[in-house]
Every structure is written in C-alpha cells, then in structure tokens.
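Descriptive analysis of the structure
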Amino acid sequence: MLGFTNIVGNLSPLPELVLWRDPVARSGEEAMAVDEALLEWGRKPVLRAYRWAEPTVTYGYFDEEATARAIFPGEELHFVRRWTGGGL
C-alpha cells in the first residue's frame, strides 16, 4: 500500500488557501453560482464550507435528473445540476 508521502509527494503545495465559512444557507442554484463565480473570478484557491437552504441533491453536468431522482426519491428534495462533471 502506498503511503501518504508517495501519493502527495509530487503535488506542489498551494501558496495560499482561503477558507470561507459561508454564513448564508443557499438554494442549490445559488450555491452552484457562487462556486462558479469563485472559480471564474477568484485570484486564490478557496475552500468554501456551506449549508443548503433546503434538502438538495446535486448531479453532474453529464448526469440526468431522472437518474438522481431514482436514486434519491422524495418529494422534499430539491435537485440541481452542477456546472461541472462528477457523479451524484
């Protein structure tokens, strides 16, 4: 098994990482818009800790909402597509 040093040894450290504890509970659409804006206009890497305003499931750009709804059934859930890839 590879040790931690072997796995991350070739990665260069971030010069600075901003931690933002977003105080606002946002809708799925708002949260995804904030992430996109941080990537587009941010000058430093940001780790954003956030809360949902409602129970939310995000699914990747190439995924289908119907698939997400089949995996996470429930009338109380809100579904939003991320502008990036990735799974559910």
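Before any of the text, the structure's been laid out above.
What you are looking at is a predicted structure, and each value in this text was computed from that prediction instead of being measured. (Residues numbered from 1 in each chain as written. Predicted model: local features only at pLDDT ≥ 70, side-chain atom pairs only at ≥ 80, totals over all residues. Heavy atoms only, no water.)

Our focus in this paragraph is the overall build of the protein chain. Looking only at helices and strands, the protein chain features three helices and four strands. Start at the N end of the protein chain and walk to the C end: the helices and strands fall as α-β-α-β-β-α-β. Taken across its 88 residues, the protein chain has 19% of its residues classed as buried. Once local pairs closer than 6 in sequence are excluded, the contacts in the protein chain between residues at least 24 apart make up 55%. When the accessible surface of the protein chain is split by element, carbon and sulfur atoms take 58% of a total near 6800 Å². (Helix = DSSP H or I, 4+ residues; strand = E, 2+ residues; numbered from the N terminus. Buried < 20%, exposed > 50% of the residue type's maximum accessible area, 1.4 Å probe, protein only. Contact = heavy atoms within 4.5 Å. Areas by Shrake-Rupley, 256 points an atom, 1.4 Å probe, with all protein chains shown as cover.)

Okay, the pattern of salt bridges next. Under the criterion given, the structure shown has five salt bridges. One salt bridge connects Asp-22 with Arg-48, and the closest N-O pair in it is separated by 3.0 Å. Here Arg-48 lies in strand S2 (residues 46-52) and Asp-22 lies in strand S1 (residues 18-26), a separation of 26 residues in the sequence. Across this residue pair, the class does not change: Asp-22 and Arg-48 are buried. Across the pair Arg-48 and Asp-35 runs a salt bridge whose closest N-O atoms are separated by 2.8 Å. Here Arg-48, found in strand S2, pairs with Asp-35, found in helix H2 (residues 28-41); they are 13 residues apart in sequence, far enough to count as distant. Under the relative-accessibility criterion, Arg-48 is labelled buried at 9%. (Salt bridge = Lys/Arg side-chain N within 4 Å of Asp/Glu carboxyl O.)

Keep in mind that these numbers describe shape and distance, not what the molecule does.
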